[in-house]
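These are the residues of each chain, in order.
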Amino acid sequence: MSSSKASLAARESHETWSPLLELAAREVFQLMLGSELQSCPTEVSPGPGITSMVGLAGKLCGVLSINCKEKAAAIMTSKMLGVPLDKVGSEMSDALGEICNMVAGNFKNKIAGLGDGCMLSPPTVVTGSDYNLYALADSPALEVRMLFEEMPVILSLQIHS
Amino acid sequence: MAVRVLIVDDSSVMRKIVERSLRQAGLDLTQVFEAGNGAEALGVVQANQVDLILCDINMPVMDGLEFIKQLAAVENAKAVPVIMITTEGSEAHVVQALSCGARGYIRKPFTPEQVKTQVIPALAGKS
């Protein structure tokens, strides 16, 4: 595929898939955390924090990542497990990994023909303040910015055709 | 309803969430066993009596579908109902799980009510 065709395909998939990715995330947060994600009106960034990634392989290849502040991830864990915030510890990474896994699965199940033809990798979680993520994607990332408890949560889908 | 349950998932957080959902669904869990993959789960059912198994599909070492197949050879556990809980939500995955012997199928994300809808009939069928 030429680069212009690839970028056109990417733009079309972004327009179609962006609402599906947002819906997939909203459903996971509603059902598993009892929380409503809010639309994020500005280009805010969560800054240093925690990033969870799930790889997709098959009919759709790429990486879905969720990035947020550690405080946001701790609140997510607290809500998922029904434990007080001050009791949240090492399970925070596991919790954010599971959220990313569920968003990825829910997203692919919303796209016709992708449920059977796309496998998910186990989640990987990165924490710290000095790291960059590079995916071998050949188009710009599909990015959805939302607010959880007034803190930004960035969902990013890097697609490799 | 007093139930001894085995929860199989490679995520400890997900095992806790499933346990919490079962309690929210009204089940009286008298014993909760946990396993991180199908091979560990086989060890649990060989050594303990359980009434219900909730099992993920995608796990390291031994996945959930292979676990169900091998469970059929465990004399004291082959009649125990197994409910799959997984992010794999396609029709083909559901058919595959049910054909392997699963009694029910719950897609993540899920609510306690969805868990109850699958678990109660499965337990009733066992008794």
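One can find the structure itself at the top, above this paragraph.
This structure is a prediction, so every number in the text was calculated from the model and none was measured.

1. Here we look at the overall build of chain B
The secondary structure content of chain B amounts to 5 helices and 5 strands. Each helix and strand of chain B, placed in order from N terminus to C terminus, yields the pattern β-α-β-α-β-α-β-α-β-α. In terms of overall size, chain B behaves like a compact globule, its C-alpha atoms giving a radius of gyration of 13 Å where 127 residues would be expected to give roughly 14 Å. Considered along the principal axes of its C-alpha atoms, chain B spans approximately 35 × 30 × 30 Å. Long-range contacts, defined here as pairs at least 24 residues apart, represent 65% of the contacts in chain B between residues at least 6 apart.

2. Details of the sheet that holds strand β2 (residues 28–35) of chain B
Residues and elements named next belong to chain B. Here we have 5 strands laid out as an open sheet, ordered β2-β1-β3-β4-β5, and parallel in their pairing. Looking along the sheet, the strands with just one partner apiece sit at the ends: β2 and β5 (104–107). Between one strand axis and the next, the sheet turns through 20 degrees on average, direction left out of account. Looking at chain direction, strand β4 (residues 82–86) and β5 are connected through 4 bridges and run parallel. Each bridged residue has a counterpart across the sheet, and for I85 the counterpart in β5 is I106. Each of β1 (2–8), β3 (52–55) and β4 is contacted by helix α3 (residues 64–71), which is oriented at about 170 degrees to β4, the strand it contacts most.

3. With respect to the packing of α3(B) against helix α4 (residues 91–100) of chain B
Residue and element names in this part refer to chain B. The geometry of α3 relative to α4 is characterised by a closest axis approach of 9 Å and an angle of 20 degrees between their N-to-C directions. Considering the angle they form, α3 stands roughly parallel to α4. By crossing handedness, the relation of α3 to α4 is classed as left-handed. Note on element contacts: α4 touches α3 through Q96, A97 and C100, opposite L65, I68 and K69. Along the lines of polarity and charge, the residues of the contact of α3 with α4 split into 4 nonpolar, 1 polar and 1 charged.

4. Examining the interface of chain B and chain A
How big an interface is tends to be stated in terms of accessible area lost as the parts join. Each partner contributes to the interface: chain B provides 16 residues, whereas chain A provides 19 residues. Among the residues making up the side of chain B that touches chain A, the classes are represented as 6 nonpolar, 6 polar and 4 charged.

5. Observations concerning the packing of helix α3 (residues 91–109) of chain A against helix α1 (residues 12–24) of chain B
Two elements in contact, α3(A) and α1(B), have axes whose closest approach is 8 Å; the angle formed by their N-to-C orientations is 75 degrees. It follows that α3(A) is roughly perpendicular to α1(B) by the angle criterion. Facing α3(A), whose interface residues are A:E91, A:D94, A:A95 and A:E98, α1(B) presents B:S12, B:V13 and B:M14. Grouping the constituent residues of the contact of α3(A) with α1(B) by class yields 3 nonpolar, 1 polar and 3 charged.

6. Considering helix α2 (residues 70–81) of chain A
Residues and elements named next belong to chain A. Relative to the 16 Å expected for 12 residues at 1.5 Å per residue, α2 spans 16 Å between its end C-alpha atoms, a close match to the ideal helical length. Those residues of α2 that sit buried are A72, A73, A74, I75, M76, T77 and M80. A positive phi of about 70 degrees marks G82, the residue just after α2.

7. Some thoughts on α1(B)
Structural remark: α-helix, 3.6 residues per turn; residues separated by three or four positions point the same way. Taking 1.5 Å of rise per residue, the 13 residues of α1(B) would be expected to cover 18 Å, and the 18 Å separating its terminal C-alpha atoms lies within 8% of that figure. Residue B:G26 follows α1(B) closely and has a positive phi angle near 100 degrees.

Reading the values: rules and limits
Residues numbered from 1 in each chain as written. Chains lettered and ligands numbered in written order. Predicted model: local features only at pLDDT ≥ 70, side-chain atom pairs only at ≥ 80, totals over all residues. Helix = DSSP H or I, 4+ residues; strand = E, 2+ residues; numbered from the N terminus. Rg over C-alpha atoms; globule rule 2.2 N^0.38 Å. Contact = placed C-beta atoms within 7 Å. Pairing = 2+ DSSP bridges. Axes fitted to C-alpha atoms, helices over the stretch in contact; angles between N-to-C directions. Parallel < 35°, antiparallel > 145°, perpendicular 65-115°, else oblique. Left-handed = near helix turned anticlockwise from the far one by under 90°. Nonpolar A, V, L, I, M, F, W, Y, C, P; charged D, E, K, R; others polar. Expected span 1.5 Å × (residues − 1). Buried ≥ 20, exposed ≤ 12 C-beta atoms within 10 Å, placed from the backbone.

Function cannot be read off these values alone, since they describe shape.
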